[in-house]
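Geometric and topological summary
Below, each chain spelled out in residue letters.
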Amino acid sequence: MEHQAKVTGKGRAAGRANAVKADLIAVVVAVKSSDPYVLTIGQASALPSGPFEQDHRSLQSGLRGWVEQQTGQPLGYIEQLYTFADRDRVGAEERVISISYLALTRDEDPAASAKRCWASWYDYFPWEDHRSGMPAVVLEKLRPRLREWADSADDTAVRLDRRRRAAVTFGFDDRAWNEELVLQRYELLYEAALVEEATRSGDSAAPTPVPGTSMVADHRRILATAIARLRSKIKYRPVVFELMPPLFTLLQLQRTVEALSGRLINKPNFRRLIEQQDLVEKTGEATAETGGRPAQLYRFRHAIIDERPGAGTKLPLARA
């Protein structure tokens, strides 16, 4: 009996060592002054998160509870994003599976709660904002560092593959920039040890990270996943209106889409697409807040969701 008790004790210890925990992480997005913001905690270094507990009625209710408790921000629209379960993702002995969600909210007043901290997502990914053309960080920092990394490989095939992936993801060598490859770009920089998250081992020989605010654990990777999802989704689903006030001008709508995509849009073509798809309707009201002649105010036409589920805002890009 004594031997059996000892075995059982070891089994319990092993079970605790191999325990798998689940937590919930929220990427909460709002657009303020034509810039995309993400809700953060911990001096803007982490996304709101918390463990999934027994008393949570569902994953979504648990997520809503943690976000409101940590930030005071109630959530409206949410959708499940991705489940992150890499063994070494948080650097802890216990394995943690994170179920992430994308949440969209309107810019109502970030200063309304001292708990809330909104940060531009371009602080974390400065290479993603192409509204004023190719960012200087891409040409002056990323391109030479990625080429140096590619050329450091001993194998010719590996060198060529690294150069090809850098060109495809970052639009080098006259390749087109694809705004949806946010995660691929971050993961390539991680592989090349050019972001801080990849150099936390304390290795003095690690290269200096490129510009861009880091986050705890793999939260910046989760944020990159959310940005990629949203950039893709606004093209075929009218989710952008979850970020708009009840009444808005077409210019406000265009600026919001540009903020999310990081691309400038051709104004006449954008308005033509919006009107052709019956996404909005006039209210008969106007606003003079634009600074020029009064602009027509519109509202989202909710009936479009039932009529045509595949409607989206598209991206009729302006010429560079």
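Placed above this text is the structure.
Residues numbered from 1 in each chain as written. Predicted model: local features only at pLDDT ≥ 70, side-chain atom pairs only at ≥ 80, totals over all residues. Heavy atoms only, no water.

Re the overall build of the protein chain
Regarding its fold elements, the protein chain presents ten helices and eight strands. Expressed as a percentage of contacts within the protein chain between residues at least 6 apart in sequence, the contacts between residues at least 24 apart total 63%. Carbon and sulfur atoms make up 48% of the accessible area of the protein chain, which amounts to about 16700 Å² in all. (Helix = DSSP H or I, 4+ residues; strand = E, 2+ residues; numbered from the N terminus. Contact = heavy atoms within 4.5 Å. Areas by Shrake-Rupley, 256 points an atom, 1.4 Å probe, with all protein chains shown as cover.)

Points about empty space enclosed by the protein
Inspection of the entire model under this criterion finds one cavity of 30 Å³ or more. Taken as a whole, the largest cavity encloses approximately 60 Å³ of empty space. The wall of the largest cavity is formed by Leu146, Arg147, Ala150, Arg162, Arg163, Ala166, Ala167, Phe172 and Asp173. Of all the elements in the fold, those that place two or more residues in the lining of the largest cavity are α4 (136–151) and α5 (156–170). Considering each element in turn, the lining of the largest cavity owes the most residues, four residues, to α5. Within the lining of the largest cavity, the residues separate by chemical class into five nonpolar, no polar and four charged. (1 Å grid on protein atoms, 1.4 Å probe; cavity = no way out; pocket = protein on both sides within 12 Å on 5 of 7 lines; lining within 4 Å. Points joined across faces, edges and corners; volume = space filled by probe spheres on them. Nonpolar A, V, L, I, M, F, W, Y, C, P; charged D, E, K, R; others polar.)

Points about the packing of aromatic side chains
Tallying each qualifying case throughout the model produces eight aromatic pairs. Here Tyr82 and Phe84 contribute two aromatic rings whose centre-to-centre distance is 4.9 Å and whose plane-to-plane angle is 70°, an arrangement assigned as edge-to-face. Considering the side-chain rings of Phe125 and Trp127, the 5.9 Å spacing of their centres and the 85° angle between planes classify their relative orientation as edge-to-face. Joined through ring pairs, the aromatic side chains of Phe125, Trp127, Tyr186 and Tyr190 make up one cluster. The positively charged end of Arg185 is found above the aromatic ring belonging to Trp177, 3.7 Å away from the centroid. Above the plane of the ring of Phe125 lies Arg220, whose end atom (NZ or CZ) is 5.9 Å from the centre. (Phe/Tyr/Trp six-rings, centres within 6.5 Å; stacked < 30°, edge-to-face > 60°. Lys NZ or Arg CZ within 6 Å of the ring centre and 35° of its normal.)

Focus: the nonpolar core
Counting residues in each nonpolar core, the largest one holds 64 residues, and the members touching the most others are Val27 and Leu146. Broken down by element, the residue count for this core peaks at seven residues, all from helix α7 (residues 219–233). Setting aside chain neighbours within four positions, we find Leu146 in contact with Ala166, Phe170, Phe172, Leu188, Leu189, Ala192 and Leu194. With 14 residues, the next largest nonpolar core counts Val28, Trp66, Val67 and Tyr101 among its residues. (Core = buried A, V, L, I, M, F, W, Y, C linked by side-chain atoms within 4.5 Å. Buried < 20%, exposed > 50% of the residue type's maximum accessible area, 1.4 Å probe, protein only.)

A few points about unusual backbone geometry
One non-glycine residue, Gln43, adopts positive backbone phi at about 55°. Looking at the element boundaries, Gln43 is found in the loop between β2 (35–40) and β3 (49–51). What makes Gln43 exposed here is its relative accessible area of 81%. Phi angles above zero are rare outside glycine, and Asp278 is one such case at about 55°. Residue class for Asp278 comes out partly exposed when judged on its relative accessible area of 39%.

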